[in-house]
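Residue-level listing of the chains:
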Amino acid sequence: MKLAIFDVDGTLVDSSAMITASLTAAFAAEGLAVPERTRMMSIVGLSLVDAMKVLAPEEELTTHERLAAAYKQAFWQHRERGEHTEELFRGALELLEALRARQDVVLGIATGKSRRGVAHLIEKHGFGGWFATV
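Caption draft 1: Structural context of the packing of aromatic side chains. Summed over the entire model, instances satisfying the criterion amount to four aromatic pairs. Ring plane angle 65 degrees and centroid distance 5.9 Å describe the contact between Phe75 and Trp76, whose orientation is recorded as edge-to-face. An angle of 80 degrees between the planes, with centres 5.9 Å apart, marks the rings of Phe127 and Phe131 as edge-to-face. A relative accessible area of 5% places Phe127 in the buried class.

Written out as structure tokens, the structure is:
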């Protein structure tokens, strides 16, 4: 038996537009200069407060915490409005289907994405019951 473990953001799902839009909103809410897109994408995978420390190293911890909270709020507002949808990368669905069809493979997800965010993506893409572990 084999276990195939997938990350979500940047592996199965292209969430770059959602991430950059949410970071842009967070920095604007704090009245800070918005980092360049390349810098924004460099923090994917870090916890939100750690990501804000990288993007705004001159700011204090309280500002990093406010940026993280503003990011979460913007992210969910974008999702509620159906903006910047997180679509599967080309070929991801076919790969998961092929692996799922095999008797010797079990699928799993390991990600820094919130449990609620993963649950949303599983529901959105019809992956209920596909992953043995999340």
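Caption draft 2: View of the packing of helix α3 (residues 48-55) against helix α4 (residues 61-81). Direction vectors running N to C along α3 and α4 enclose 115 degrees, while the axes themselves pass 8 Å from each other. Both α3 and α4 take part in a crossing whose hand is right-handed. Side by side, α3 and α4 meet where Leu48, Val49, Met52 and Lys53 of the first sit next to Leu61, His64, Glu65, Leu67, Ala68, Tyr71 and Lys72 of the second. Across the contact of α3 with α4, the residue classes tally to seven nonpolar, one polar and three charged.

Thresholds, definitions, all that
- Residues numbered from 1 in each chain as written.
- Predicted model: local features only at pLDDT ≥ 70, side-chain atom pairs only at ≥ 80, totals over all residues.
- Heavy atoms only, no water.
- Phe/Tyr/Trp six-rings, centres within 6.5 Å; stacked < 30°, edge-to-face > 60°.
- Buried < 20%, exposed > 50% of the residue type's maximum accessible area, 1.4 Å probe, protein only.
- Axes fitted to C-alpha atoms, helices over the stretch in contact; angles between N-to-C directions.
- Helix = DSSP H or I, 4+ residues; strand = E, 2+ residues; numbered from the N terminus.
- Left-handed = near helix turned anticlockwise from the far one by under 90°.
- Contact = heavy atoms within 4.5 Å.
- Nonpolar A, V, L, I, M, F, W, Y, C, P; charged D, E, K, R; others polar.

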